[in-house]
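# Geometric and topological summary
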Amino acid sequence: MNQLPQIRYEATSRTFHLMNEKISYLMKVEELGKLIHLHFGQRVPHREDFDHLFIVKPHAMYSSVVEWNNAYSYEAIRQEFPDFGGSDTRVAAVKLRQENGSSMTDFRYQDHRIFAGKKTLPGLPASYVEEDAEAQTLEIDLFDELLGVTATLSYTIFRDQGAIARHVRLKNDGSQTLFVEKLASLSMDLADADYEWLQFSGSWGRERHIKERHLQQGSQSISSRRGNSSHNHNPSVVLKRVGTDERQGEVLATTFVYSGNFLMEAEVDTFDVTRLQVGIHPDGFCWQLAPGADFQAPEALLFFSADGLNGMSRECHSLLQTRVAKGYWRDRPRPILLNNWEATYFDFTEEKLLAIAKTAKDVGVELFVLDDGWFGERTNDRAGLGDWAANLARLPEGIAGLSEKVEALGLKFGLWFEPEMVNKDSELFRKHPDWIIATPQRPTSHYRHQYVLDYSRPEVVEAIHQQMAEIFRTSKIAYVKWDMNRSISEAFSAGLPSQQQGEVYHRYILGVYELYRRLTEEFPEILFESCSSGGGRFDAGILHYAPQGWTSDNSDAISRLKIQYGTSMIYPVSAIGAHVSIVPNHQVQRVTPLSTRSNVAMFGTFGYELDLNELTAEELTEVKQQISFVKAKRETLQQGRFYRLLSPFAGNHTAWMSVAADGNEAVIGYYQVLQEADAPLTWLRLQGLEPDSWYQLAGERYSGAELMQIGVSTTLPSDILPEERSDRDFASKLWVLKKV
Ligand code: GLA
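These figures come from a predicted structure and were not determined experimentally. (Residues numbered from 1 in each chain as written. Predicted model: local features only at pLDDT ≥ 70, side-chain atom pairs only at ≥ 80, totals over all residues. Heavy atoms only, no water.)

### With respect to the overall build of the protein chain
Where we set the bar: Comment: elements are numbered from the N terminus, with helices defined as DSSP H or I runs of at least four residues and strands as E runs of at least two. Every radius of gyration here is taken over C-alpha atoms, with the globule rule written as 2.2 Å times N^0.38, N being the number of residues. Each residue gets one of three labels from its accessible area relative to the maximum for its type: buried under 20%, exposed over 50%, partly exposed in between, using a 1.4 Å probe on protein chains only. For the area figures, the Shrake-Rupley method with a 1.4 Å probe applies, and any residue is considered shielded solely by the protein chains shown.
Each helix and strand counted, the protein chain has 12 helices and 38 strands in total. Computed over C-alpha atoms, the radius of gyration of the protein chain comes to 27 Å, within 12% of the 27 Å expected from 2.2 N^0.38 for 740 residues, which places it in the range of a compact globule. For the protein chain, with 740 residues in total, the buried portion stands at 62%. When the accessible area of the protein chain is evaluated, it comes to approximately 26900 Å², of which 49% is carbon and sulfur surface.

Quick look at the structure:
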């Protein structure tokens, strides 16, 4: 058992030290009351002061805040909550527009509290503890005397992870109405800029590809202004030291527990101090803060590891899987599902669905999921969104009848929804044309003929809640796929006054969270899987309610290597929805072996998305074997420790492995893109084993040290494939390692 986390405050030097066995976070309050960042990284021994780390070096052209002292500029100090409009001209953490037109603030230390455990964030997803002993929290109040506004900075350090959770709350105790134009959840000035910045970017079907660059003077950022966290940039950034790789080196990471517009920025100043910030994107954001009101910014998580990227990912996975995701399914092995989307698209009858479900049951599938097309007038993508009642022409006994028939076959039943959207051709829209997000007198864009419902309005959330809850109450629903297939444009709400139009994006996502909260509390045993045209809203905020997410609409096994590899940097295997689909693949037309499709998908929440009745008897036998393998190993795969071994971004081969939580077994996946003539002999060095333990692999005994330092030959036969089939394009191998 790890020791308790500790937060120490040294009153004489006004130093805060948050520490656990792995990390230290150091701050101090300087003479004028500004909160100074001193260190975040590997644990250092405590001492009464770290004042020697606080050096203010004078620089030309820096404006001084102290009369008669030319050297004291806020631009020369490393801050935790930099103001706008003062002597620090770098990017600010906060901007508050006042009645006189100024947005300048001057926040200074006023008070602090240290307590065991962690508070919840009203209306927002966040990391949590199950017992107070798991974490300690420090709240620091910074006060702007002129405005009467308090900014409370919250820092939680966890006992078991090298992780800090941060957020900020503003409280207006002054007499004027203010407008929050920017509020970063996290701002931190790192001592230097000697970092490689990794971001996870792409597009529909190409999510979370790793892009890398060295930090440079000036600002570098990723963001979303789309209303969803987006396919384009995942709200996560990794900063690693030069030379850090998967196995070794220092690395810090941040991920945002938020699903809407975001900005993650590193501004490197002329003297190579790096200001890292995470928050709601200030574009399109302006929050009215009346006297007496408060505003809560979402949570940002910070991670550090000295054990390379895999070490960093382990800290992320552990926290996201066990203390961000929540609910009944959090620690449970996930059901093996069959989804009908790529099998039938909109073209199905109840008979056809049941025929697929029957074969699914025969091969061992546990959950049948009916995707889009079951409701309203929805026989194509032009109609029906918003009308969440079964189309009785297609499903004569409704969802209740179909779900019972599926259960009678011995399967659980799951259903697709897209609760935030509406087609103009729907009863909902005909009744409530003003319920969509649209700017008056401007053209309103659509995507896929659909419009975004205005979730900033509680009555809209309520109406959709009623429809969904009715189905959950009257049918046998074990799983819900919650989709969101377009971004927000022309953001404006008919339900808000002019001075609050800058609140639409944030209120929208608060409405989404509210619906998720209500449904997951009322129907705690339903497994929710998030989706947004694949991975367009794959973030720690949604993960709080939906412990798994559809990673990408691209189900091609070779494309998935990059997508799942990039995703795994931050997100655990238990969150990564992955299915075996038909070939030629529908997104890229590639033909890959059935074994490879399964060997990739099993490093995710495993399922099938094809018409099993179109497979040959031989293929069905293979599917059966795959399913029984996953059933036997899914605890290791989904609840184990995941290690990346070979990167698809670096070469022709990818490899990764999951080690069971108790260390007794591991499953290793090895994948080849193209077959080469007369290929070299290669060795795969494993990770996460005990150096002094002995393991059995392909009939041979090896020490953990040998497997990790020397490696295994990739010519070893696969554990579930005949050898000759690995000698081709898109081949893969799977090995099971057992401790002896
Ligand atoms: C999105 C999802 C798919 C499928 C379709 C249905 O594209 O990502 O998995 O559910 O919608 O329309």
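There is more to say after this.
### Digging into the site of the ligand
Using the following cut-off: We call a residue near a given molecule or strand whenever any one of its heavy atoms falls within 4 Å of it. Whenever a nitrogen or oxygen atom comes within 3.5 Å of another N or O atom, the pair is scored as a polar contact, on the condition that within protein one atom can donate a hydrogen and the other can accept it, and that pairs from neighbouring residues in sequence are kept only if both atoms are in side chains. Lys, Arg, Asp and Glu make up the charged group, whereas Ala, Val, Leu, Ile, Met, Phe, Trp, Tyr, Cys and Pro make up the nonpolar group; the residues left over, Gly among them, are polar.
Around the ligand there are 13 residues in total, and Asp 371, Asp 372, Arg 448, Lys 481 and Asp 553 lie nearest to it. Between Asp 483 and the ligand, the recorded distance is 3.0 Å, taken from a side-chain N or O atom to an oxygen atom. When the free accessible area of the ligand is taken as 310 Å², the share hidden by the protein chains comes to 96%. When the residues that make up the shell around the ligand are grouped by side-chain class, the tally is 4 nonpolar, 3 polar and 6 charged.

### Quick look at the confidence of the model for the protein chain
For the record, the criterion: Looking at any residue, its pLDDT shows the predictor's confidence there, from 0 to 100.
When pLDDT is averaged across the protein chain, the result is 97; 99% of the residues are at 70 or more. Mean pLDDT in the protein chain bottoms out at strand β37 (residues 712-713), which sits at 95, and peaks at strand β26 (residues 479-482), which reaches 99.

### Points about the sheet that holds strand β4 (residues 35-42)
For clarity, the threshold we go by: DSSP-based pairing: two strands are paired if at least 2 bridges between them are found. For helices, the fitted line uses only the C-alpha atoms of the stretch in contact; every axis is such a line through C-alpha atoms, and the angle between N-to-C directions lies from 0 to 180 degrees.
Read from one edge to the other, the open sheet built from 4 strands follows the order β1-β2-β3-β4, with strand pairing classed as antiparallel. What marks the edges here is a single partner per strand, and that holds for β1 (6-10) and β4. The mean inter-strand angle of the sheet, taken between neighbouring strand axes irrespective of direction, is 10 degrees. Sheet topology places β1 next to strand β2 (residues 15-19); 5 bridges connect them, and they run antiparallel. Its bridge partner being in β2, Arg 8 is matched across the sheet by His 17.

### Observations concerning the pattern of salt bridges
Stated precisely, the cut-off is as follows: The salt bridge criterion pairs a side-chain nitrogen of Lys or Arg with a carboxyl oxygen of Asp or Glu, the two atoms within 4 Å.
One pass over the full model with this rule turns up 46 salt bridges. The partner of Lys 240 in a salt bridge is Glu 212, and the shortest N-O contact between them spans 3.6 Å. Remark: Glu 212 occurs in strand β12 (residues 209-214) and Lys 240 occurs in strand β14 (residues 233-241); sequence separation between them is 28 residues. Overlapping salt bridges bring together Asp 88, Arg 90, Asp 189, Asp 269 and Arg 275 as one network.

### Things to note about the packing of aromatic side chains
Heads up, the condition is: Within 6.5 Å between ring centres, the rings of Phe, Tyr and Trp (the latter by its six-membered ring) count as paired, and their orientation is classed by plane angle as stacked under 30 degrees, edge-to-face over 60, tilted in between.
For the structure on display, the rule yields 37 aromatic pairs. Pairing Phe 417 with Phe 472 gives two aromatic rings, centres 5.7 Å apart and planes at 85 degrees, and the pair type is edge-to-face. Of this pair, Phe 417 sits in strand β23 (residues 412-417) while Phe 472 sits in helix α6 (residues 458-474), placing them 55 residues apart in sequence. Owing to a relative accessible area of 0%, Phe 417 belongs among the buried residues under this scheme. Ring geometry for Phe 538 versus Tyr 571: centroids 5.0 Å apart, planes at 85 degrees, classification edge-to-face. Here the residue Phe 538 occupies a position in the loop between β27 (527-530) and α8 (540-543), and Tyr 571 occupies one in the loop between α9 (557-567) and β29 (576-581), the gap between them amounting to 33 residues.

### Thoughts on the sheet that holds strand β32 (residues 653-659)
The pairing of strands in a sheet comes from backbone hydrogen bonds and takes either a parallel or an antiparallel form. Here is the rule we go by: Note on contacts: a residue pair qualifies if any of its non-hydrogen atoms lie within 4.5 Å across the two residues.
Overall, antiparallel pairing links the 6 strands, which are arranged β31-β32-β33-β38-β35-β36 in an open sheet. The sheet is open, and its two edges are formed by β31 (641-646) and β36 (700-703), each paired on a single side. For this sheet the average axis-to-axis angle between neighbouring strands, irrespective of direction, equals 25 degrees. Pairing of strand β33 (residues 665-672) with strand β38 (residues 732-739), which is carried by 7 bridges, proceeds in the antiparallel orientation. When the bridges of β38 are listed, Ile 668 appears paired with Trp 735. Running over the sheet, helix α10 (residues 594-601) touches β32, β33 and β38 and is turned about 50 degrees from β38.

### Things to note about the environment of Met 657
The topology assignment puts Met 657 in strand β32. Between the C-alpha atoms of Met 657 and Val 460, which are 197 residues apart in sequence, the distance is 45 Å. Apart from residues lying up to four places away in sequence, Met 657 is in contact with Phe 603, Arg 641, Phe 642, Tyr 643, Leu 645, Ala 666, Val 667, Ile 668, Leu 686, Gln 687 and Leu 689.

### Quick look at the side chain of His 209
Note that His 209 resides in strand β12. Assessed through its relative accessible area of 12%, His 209 is described here as buried. When near neighbours in sequence (up to four residues on either side) are disregarded, His 209 contacts Gln 199, Phe 200, Ser 201, Lys 562, Ile 563 and Phe 649.

### Some thoughts on the pairing of β27
Along β27, one buried face is formed by Leu 527 and Glu 529 and the opposite face, lined by Phe 528 and Ser 530, is buried too. Strand direction decides the pairing type here: β26 and β27, joined by 4 bridges, are parallel. By the bridge assignment for β27, Trp 482 is matched with Ser 530.

### Some details on the environment of Phe 603
Considering the arrangement of structural elements, one finds Phe 603 in the loop between α10 and β30 (605-609). When its relative accessible area of 2% is taken as the criterion, Phe 603 is described as buried.

### A short note on the pairing of β33
Across the 8 residues of β33, 8 count as buried, placing the element largely inside the fold. Residues Glu 665, Val 667, Gly 669 and Tyr 671 line one face of β33 and the alternating positions Ala 666, Ile 668, Tyr 670 and Gln 672 line the opposite face, and both faces are buried. In this structure, β32 lies alongside β33, joined through 7 bridges in antiparallel fashion. Note that in β33 the partner of His 653 across the bridge is Gln 672.

### Examining the packing of α9 against α10
Stated formally: Convention used here: angles under 35 degrees read as roughly parallel, angles over 145 as roughly antiparallel, angles from 65 to 115 as roughly perpendicular, and any remaining angle as oblique. Crossings are sorted by hand: turned counterclockwise from the far helix by less than a right angle, the near helix makes the crossing left-handed, and turned clockwise it makes it right-handed.
Here α9 crosses α10 at 15 degrees, and the two axes come no closer than 9 Å. Relative to α10, the element α9 lies roughly parallel. In this structure, the crossing between α9 and α10 has a hand that is left-handed. Every residue of α10 that contacts α9 at Ala 557, Arg 560, Leu 561 and Gln 564 is listed here: Thr 596, Arg 597 and Val 600. Classifying every residue of the contact of α9 with α10 by side-chain character gives 3 nonpolar, 2 polar and 2 charged.

### Some details on the nonpolar core
In plain terms, the rule: Think of a nonpolar core as a cluster: buried Ala, Val, Leu, Ile, Met, Phe, Trp, Tyr and Cys residues, connected wherever their side-chain atoms sit within 4.5 Å.
Phe 81, Tyr 155, Phe 368, Leu 370, Trp 374 and Phe 472 are the most contacted members of the largest nonpolar core, which has 187 residues in total. If one sorts the elements of this core by residue count, helix α7 (residues 504-522) sits on top with 9 residues. Val 659, Leu 684, Leu 686 and Met 708 belong to the second-largest nonpolar core, a separate cluster that totals 20 residues.

### Some words on the packing of helix α3 (residues 350-363) against helix α4 (residues 398-408)
When two helices pack together, their arrangement is given by the angle between the helix axes and by the axis-to-axis distance. Following both chains from N to C, one finds α3 and α4 inclined at 25 degrees, their axes separated by 10 Å at the closest point. In terms of orientation, α3 lies roughly parallel with respect to α4. Classified by chirality, the crossing of α4 by α3 is right-handed. Residues Glu 350, Leu 353 and Leu 354 of α3 form the contact with α4, whose own contacting residues are Leu 402, Lys 405 and Val 406. For the contact of α3 with α4, the class distribution of residues is 4 nonpolar, no polar and 2 charged.

### So, α9
Of all the 11 residues making up α9, 10 are buried; the element is thus mostly covered by neighbouring parts of the structure. Where α9 is concerned, the buried positions are Ala 557, Ile 558, Ser 559, Arg 560, Leu 561, Ile 563, Gln 564, Tyr 565, Gly 566 and Thr 567.

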